[in-house]
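Chain and residue survey
Next come the chains, spelled out residue by residue.
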Amino acid sequence: YGLDQTGLAQKGGPVVSDVRIARDPIEGSNKASAGAADLLLGFDVLGAANPRNLLVADSARTIAVVNTHAAPTAAMVTDTGVKFPALERNVAAIGAATRADENVYVDAEGLSEALFGDHMPTNTVLIGAAYQAGCLPLSADALQQAIRLNGAAVEKNLAAFAWGRAVVAAPEAVRVVLEGEAVAP
């Protein structure tokens, strides 16, 4: 089950989605309750570090997989005096609310741009990292089948999923790519 809260996205603000995955029917609300999230999948580091979003995290339960790319907010675009907060501050806030030693941080957009010359596969890179970190209770085959069924840039998204997995399984290969020497995942 999924719950999208999209009103702000239409006005340049963040999108928050609560997704629950279960074998059996889920009773009650789709919305994650305080401290109940197993995974905080942060496609945007500022959104992931937002105290309201961190309420669903628990330092003994939740693992965060977060894109660290500095995506400017609407305020930053319209007012050059507004600066992006220090990455360390955001990571510290996320780490305090989650299982910090198991969290995965990656510049998924930078990796996507380096690999594909395109930011569009960014989210698929992050999903691959979350899968490889053991945070998604789905098989790789199921996730790859979902990519195929979606039908959008299938080969690119399958490669992005594999590179996301490499972030966790082979971080050295990812480092080489980010430094400009592409290799196969």
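Anything mentioned here points back to the structure above.
1. What to know about the packing of aromatic side chains
Scanning all chains against the criterion turns up one aromatic pair. Considering the side-chain rings of Tyr131 and Phe161, the 5.8 Å spacing of their centres and the 45 degrees angle between planes classify their relative orientation as tilted. Highlighted residues: Tyr131 in helix α6 (residues 122-132) and Phe161 in helix α8 (residues 154-169), separated in sequence by 30 residues. The same class applies to Tyr131 and to Phe161, which are both buried.

2. Here's the deal with the pairing of strand β3 (residues 39-42)
Of the two faces of β3, only the one carrying Leu40 and Gly42 is buried; Leu39 and Leu41 on the other face are not. When β3 meets strand β4 (residues 63-67), the two strands line up parallel, connected through four bridges. Its bridge partner being in β4, Leu39 is matched across the sheet by Ile63.

3. Comments concerning the environment of Leu126
With respect to the element layout, Leu126 can be found in helix α6. The spacing of Leu126 and Phe43 is 83 residues in sequence and 7.3 Å in space, taken between C-alpha atoms. The contact partners of Leu126, leaving out residues within four places of it in the chain, are Leu41, Gly42, Phe43, Val65, Val66, Asn67, Val106 and Ala108.

4. With respect to a nonpolar patch on the surface
Taken together, the side chains of Val19, Ile21 and Leu138 present a nonpolar region at the surface, about 260 Å² in accessible area. With respect to the helices, strands and loops of the structure, Ile21 is situated in the loop between β2 (16-19) and β3. The exposure class of Ile21 is partly exposed, given its relative accessible area of 44%.

5. Quick word on unusual backbone geometry
Non-glycine residue Ala153 carries a positive phi angle of around 45 degrees. As for its position among the elements, Ala153 is in the loop between α7 (140-150) and α8.

6. A look at the sheet that holds β4
Judged by pairing direction, the sheet is parallel, and its three strands sit side by side in the order β3-β4-β5 without closing on themselves. Single-partner strands in this sheet number two, and they are β3 and β5 (104-106). Across the sheet, the mean angle from the axis of one strand to that of its neighbour is 5 degrees, orientation sign disregarded. Each of β3, β4 and β5 touches helix α4 (residues 87-97); the most contacted strand, β5, lies at about 160 degrees to it.

About the criteria used
- Residues numbered from 1 in each chain as written.
- Predicted model: local features only at pLDDT ≥ 70, side-chain atom pairs only at ≥ 80, totals over all residues.
- Heavy atoms only, no water.
- Phe/Tyr/Trp six-rings, centres within 6.5 Å; stacked < 30°, edge-to-face > 60°.
- Helix = DSSP H or I, 4+ residues; strand = E, 2+ residues; numbered from the N terminus.
- Buried < 20%, exposed > 50% of the residue type's maximum accessible area, 1.4 Å probe, protein only.
- Pairing = 2+ DSSP bridges.
- Contact = heavy atoms within 4.5 Å.
- Patch = residues over 30% accessible without salt bridge, like charges linked within 9 Å, V, L, I, M, F, W, Y side chains within 5 Å.
- Areas by Shrake-Rupley, 256 points an atom, 1.4 Å probe, with all protein chains shown as cover.
- Salt bridge = Lys/Arg side-chain N within 4 Å of Asp/Glu carboxyl O.
- Axes fitted to C-alpha atoms, helices over the stretch in contact; angles between N-to-C directions.

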